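Descriptive analysis of the structure
So you can see what is in the structure, the chains are spelled out below.
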Amino acid sequence: MWRLALRTVKFRRTSLAATFLAMFLGAAIVVGCGGLMETGVRMAAAPQRLGGAPVVVTGGQTYRSGTLTERHRIDPALAGEVARTDGVRAAVPDVSVPATVIQGGKPVTGESASYGHGWASARLTPYALTAGNPPVTAGEAVLDAGLARRAGVRPGATVDIVVRGTARRFEVSGIAEQRGDHNPHAAVFFTDGRARALAGGRIDSVAVLPAPGTSAAAVADAVRAAIGDRAEVLTGERRGLAELPGTLAGRRTIVVLAAVFGSSVVLIVMFGVASTLGLSLQQRAREMALLRAVGATPRQLHRMIRTETAALSVASVLLALAPGHAIGRLLFEVLTSSGVTEPAVVYHAGWLPMAVGAAVTVLAAAGATWFAGRRAARTEPVAALAEATVATRWFGPARLLSALSFLAGGLALAVVTATVREDGPTLAATAGPASVLFGIGLALLAPGLTKAMVALLGPPVRALSGPSGWLALRNATIAHVRTAGAVAPIVLLIGIATGTLYMQSTENHASRASYDENILADYVLDSTTGGFAPGVVAQARAIPGVAAASEFVTGRGFVDRPDGPAGTDLRGVSAEGVRQSLDLPVVAGSLGALRGDTVALSEKQARAYGVRVGDRLPLHLGDGTALRPTVVALYADNPEQRYLTLPAATLAPHTGDGLPRQILVRAASGAGPEVHDRLAALAARVPGTELDDSSSLAGRNDQIQQILVSANYTIVAMIVGYAAITVVNTLVSVTRNRSAEFGLQRLTGATRAQVIGMLAVEGVLIGAVATVLGTLAAATTVVPYTLVKSGSWLPAGSPGIYLAIVGGSLLLVFGATLLPSWRGMRDLAVDTVKTA
C-alpha cells in the first residue's frame, strides 16, 4: 500500500502541498508561542554593569504570589556577612541612584537616563580611568567618557549634578572608559559613602567575587546558607535581574500573552490541519472507492492513510523547527520594542516548545486521519463509488458533541466576561478566546448552516444573477459539504480579526475618555532629572493665578487579603491640591486628610476589601514595604481608574526615583495666559523641568495602553495570516479538484465567462455565509467586552475596520477561486475531463 501511495503522489500534488503547508505553518507558529512562554517562565536577563561578578546578592523581587515592581533594597550589613563567607574574595556593595549632569538647566544626556554609583563597583563592568583620579571626597565625581564628552569637561572642572531633586556642584576628579558595551546608561561615580548616603542608606545589591580556585556555584551555595531568606542569590544569566528589578513584573504579561494566544493558536492550528487533511481525504474518495472495489480491505486503506499522514507530519514538523524559533524571536523582539520587557532579557526556546509544536501538529493530523480516513476506509465499495463524486455525509455524534462543546465554551467565556466584570488582563483573557471557541463550533456545524443559509439566499440570488446564479445555488446546495469546507476557515478569520481589533479599539477609547475626565488639572510640570524636591510644589502653589497644585506619583502594590495578596495600582497625591486636580467624587470622609499614614479608595474597592472610613488597610508597596494606612476617604468608583490614593510623600520614597516626577497644576477661574508664563518661569528655575498641558498625561497613558498593542496586533496578524493561508489552501484545492466539472460544463455549451460567473456567485454565497457566522463569533468577544468597558452593545472604532476585514476575506475568496479556474480553463475542455 505504501508503494501504491507513492506512485499516486503526482496525481494529488495540490492537496499534498496544501496539507503540508497547513502542518508546516501550524507547527512553526505553535513553536514560536511556546518559545515566548518558556522565556516568560524562565525570565533571565543578561548582566550589564555587574557582568564582572559571577554571583550577585540582591533583594527578592517577589511577595507571596505577586511580583514587586520596584527595587527591594537590602540592609548594608549583609555585605559584611557575605564578605566573611568561605570562598569569597571580595563583596562589593552596589547602589544606583538617578544622577543627571545638567548644563543651562537641561540634562546633557537628553531623554536618556544616567545613574550614580559607588566607585568600588566600577571594576565590575569594568570601567577603567583614562584621565584623573578616583573620587576621594564627598564633593568629587568620576564621569564616564561618553558623559564627559557630551558635557565638554575634563578632570578638575566642575559640573552640576541633580540627585534627589537637588542640584549639587561636584568637581570632576576623573574620566572612566567602559570596556565592552555592558552598561546602556550613562554613569557617574561618587565615593562609596556618598553614593550610599544619596541612596538613602540602603544598598541595591552585593557583587560577590570568588576566591581563586573556588567555583561560582560553591560560593553561591555558601552565601545562600549564610544569609538565608533575607536576600536572593543570583548566578548565571539571572544576574541581570539584580540590575533590572522591574523585569520580573513583565513575566506575567509575557506568560499571559503566550498562554492566551498560544492556546488560541493551538486550537486554530489543530482545526486548520484537521480541516485541510480532511478535505484532502475527501477529494480522494474516488481513489478509495476504486481500491475498495478491487479488493483492498479497510485496514489496508487506513494503514496507507496513517502512514502517508505520519510521513507528511513528521517532515513538516522537522522543517518547521527553525522557522518556529525565528517566529518566537520575532514575537519577543516586538514585546521588547514595545516596552513590555527589557532588551536585556534572554530569549529561551528549548526542546519543550518544539515538542509541543510537534505534538500539536501530529495529533491534529492523527485526529483528522482517524475521523476522515476511518469513514473512507470502511465505506462499502458500491456505496463508496456512489459517493465519490459529491460528499453529502457530514453529521455524526462525535461532530455534534465537539461542536456543542466549543459553542458552550465560547458562550461561557462571553458570560464570564460580561458578568464577572474584572478589569485588566483577566478581562482580555476571557473575552479574546471566546470568538475562537465559538467560531470553531460554528465551523464544525458549517455544512448544515451553509445549506440552510443558501436556501434563504436563493430567491434574491436567482433574481439578480440569472442562469449563473441558478447553477451556483444548485452546486452550493448539492455540494454543501464542499462549500462548508470553504466557509469554515473564513468564519475563523472574520471572527478572530473582528473580535480582537474592536476589543483593542474599545479599550483605547474607554481608557482615553476616562483619563481625560479624571484629570482636572490644566498644566503638568515634568521632571527629567529623577523627580522634584519637596519645596517645588509649594512654589507652584504660590504663583498668582494658580488655584491648586498637587504632586503626582504612580506605582503598584498589593492589598493583603485573607485569600492572598491582590495587586492594585497606586497613586500618590498632595492633600492640598488633589480635589482640584483629580475628579474623585467623595462619598465618605475627606481627601484633605490624606497626610501621613493614610489612604483613600473607591466604594467598590472598600466593599471588596471589607473596610470603611477609619479602618486600617494592610498594604505592601511596590518595593515590599508593609503599611497599614488608615482609610480617610471613599470616592465613587470609576471602572477605568481603579487605584488606591496615598499621600505622595508616603508613596514616592518607595518608587525607583524616590520623588514625585509630576506636579499637577490647576489654574484659578478666570486666570489668563500669564499663568502659563509664570509656570514656565518656574520650570526654567528648576533644573530639568518641562511644562506641558494636562493632555500630556493622557498621552502618556495612551503610551502605556499602547505597550501591548503592537504585540497584540503582531500575534493576531500571525493568527489571521494562518487562517488566510488556510482559506487560500482550501479554496485552491477545491477549485482545482473541480476541473472535470468545469470541463463538462464547457463541453455542454457553457463559455468561460459563464463558468467564471457561476464561481463568482458561489464566492458571494461563501462570503455571505462566512460573514454572518464570523460576525456571530466576533460578537461573543466584542459585545461582553464593550458592555464592561462602556455599557454599550456596540464597540468603539471605525466601521471601516469591519468593512476592511470582510472585504479582505472576499478578495481571498475570489482570488483563490477565480484565478485558478481561469488558468485551468486555458486547456482544452476535453483534456481537462480526461486528466481529472
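Above this text is the structure in question.
In this text, all values refer to a predicted model and were calculated from it rather than measured experimentally. (Residues numbered from 1 in each chain as written. Predicted model: local features only at pLDDT ≥ 70, side-chain atom pairs only at ≥ 80, totals over all residues. Heavy atoms only, no water.)

Remarks on the packing of helix H14 (residues 446–478) against helix H24 (residues 752–790)
Between H14 and H24, whose axes approach to 10 Å, the crossing angle comes to 150°. Here H24 runs roughly antiparallel to H14, going by the angle between their axes. Two packed elements cross with a definite hand, and for H14 against H24 that hand is right-handed. When grouped by side-chain class, the residues that make up the contact of H14 with H24 number 15 nonpolar, seven polar and one charged. (Axes fitted to C-alpha atoms, helices over the stretch in contact; angles between N-to-C directions. Helix = DSSP H or I, 4+ residues; strand = E, 2+ residues; numbered from the N terminus. Parallel < 35°, antiparallel > 145°, perpendicular 65-115°, else oblique. Left-handed = near helix turned anticlockwise from the far one by under 90°. Nonpolar A, V, L, I, M, F, W, Y, C, P; charged D, E, K, R; others polar.)

A few points about the sheet that holds strand E4 (residues 88–94)
Spatial strand order, E4-E13-E1-E14: four strands in an open sheet with antiparallel pairing. Each edge of the open sheet carries a strand with a single partner, namely E4 and strand E14 (232–235). Along the sheet, successive strands turn relative to each other by an average axial angle of 25°, direction set aside. Bridge analysis of E4 against strand E13 (residues 205–210) gives six bridges, and the strand direction is antiparallel. Paired with Ala91 across the bridge in E13 is Val208. (Pairing = 2+ DSSP bridges.)

Some points on the side chain of Glu140
Checked against the element boundaries, Glu140 lands in strand E9 (residues 140–144). Buried Glu140, no salt bridge; nearest opposite-charge side chain is Arg194, N-O distance 11 Å. Reaching out from Glu140, the side chain makes a polar contact with the backbone nitrogen of Val136 at a distance of 2.7 Å. If near-sequence neighbours (up to four positions away) are discounted, Glu140 is found in contact with Pro134, Pro135, Phe170, Glu171, Ser173, Phe189 and Phe190. (Buried < 20%, exposed > 50% of the residue type's maximum accessible area, 1.4 Å probe, protein only. Lys, Arg positive; Asp, Glu negative; His and termini not counted. Salt bridge = Lys/Arg side-chain N within 4 Å of Asp/Glu carboxyl O. Polar contact = N/O pair within 3.5 Å; in protein donor to acceptor, adjacent residues only side chain to side chain. Contact = heavy atoms within 4.5 Å.)

Digging into unusual backbone geometry
Keep in mind that most residues, glycine aside, have a negative phi and that most peptide bonds are trans. Of the consecutive residues Thr125 and Pro126, the connecting peptide bond is found in the cis state with omega at 0°. Mapped onto the elements of the fold, Pro126 is located in the loop between strand E7 (114–118) and strand E8 (127–132). Of note in this structure, Met43 is not a glycine but carries a positive phi near 40°. Assignment of secondary structure puts Met43 in the loop between helix H2 (13–42) and strand E1 (55–58). Even without being a glycine, Arg164 presents a positive backbone phi close to 55°. As for its placement among the helices and strands, Arg164 is situated in the loop between strand E10 (158–163) and strand E11 (166–178).

Some words on the environment of Val416
Position of Val416 among the secondary structure elements: in helix H12 (residues 397–420). Taking C-alpha positions, Val416 is 7.1 Å from Thr430, a pair spaced 14 residues apart along the chain.

Structural notes on the nonpolar core
Counting residues in each nonpolar core, the largest one holds 85 residues, and the members touching the most others are Val273 and Tyr722. Those residues within four positions of Tyr722 in sequence are excluded, and the remaining contacts are Ala22, Leu25, Gly26, Ile29, Ile268, Val269, Gly272 and Val273. (Core = buried A, V, L, I, M, F, W, Y, C linked by side-chain atoms within 4.5 Å.)

Things to note about the pairing of strand E22 (residues 630–635)
With five of six residues buried, E22 is to be regarded as a mostly interior element. Pairing of strand E18 (residues 586–589) with E22 involves three bridges; the strand directions are antiparallel. Following the sheet pairing, Ala588 is matched in E22 by Leu634. Both strand E19 (residues 598–602) and E22 contribute to a ladder of five bridges, which runs parallel. Bridge pairing in E22 links Thr598 to Thr630.

Some details on the packing of aromatic side chains
Under the counting rule described, the total for this entry stands at five aromatic pairs. Taking 5.5 Å as the distance between ring centres and 90° as the angle between the ring planes, the aromatic pair formed by Trp119 and Phe189 counts as edge-to-face. One end of the pair, Trp119, is in the loop between E7 and E8; the other, Phe189, is in strand E12 (residues 186–190), and 70 residues separate them in sequence. Across the pair, exposure class does not vary: Trp119 and Phe189 are buried alike. Ring geometry for Phe332 versus Tyr347: centroids 5.7 Å apart, planes at 40°, classification tilted. In this pair, Phe332 is assigned in helix H9 (residues 298–338) and Tyr347 in the loop between H9 and helix H10 (351–378), connecting sequence segments 15 residues apart. The pair Phe332 / Tyr347 is uniform in exposure class, with both members buried. Taken together, the aromatic side chains of Trp119, Tyr127 and Phe189 make up a single cluster linked through ring pairs. The ring of Tyr643 has Arg571 lying over it, and the distance from NZ or CZ to the ring centre is 4.1 Å. (Phe/Tyr/Trp six-rings, centres within 6.5 Å; stacked < 30°, edge-to-face > 60°. Lys NZ or Arg CZ within 6 Å of the ring centre and 35° of its normal.)

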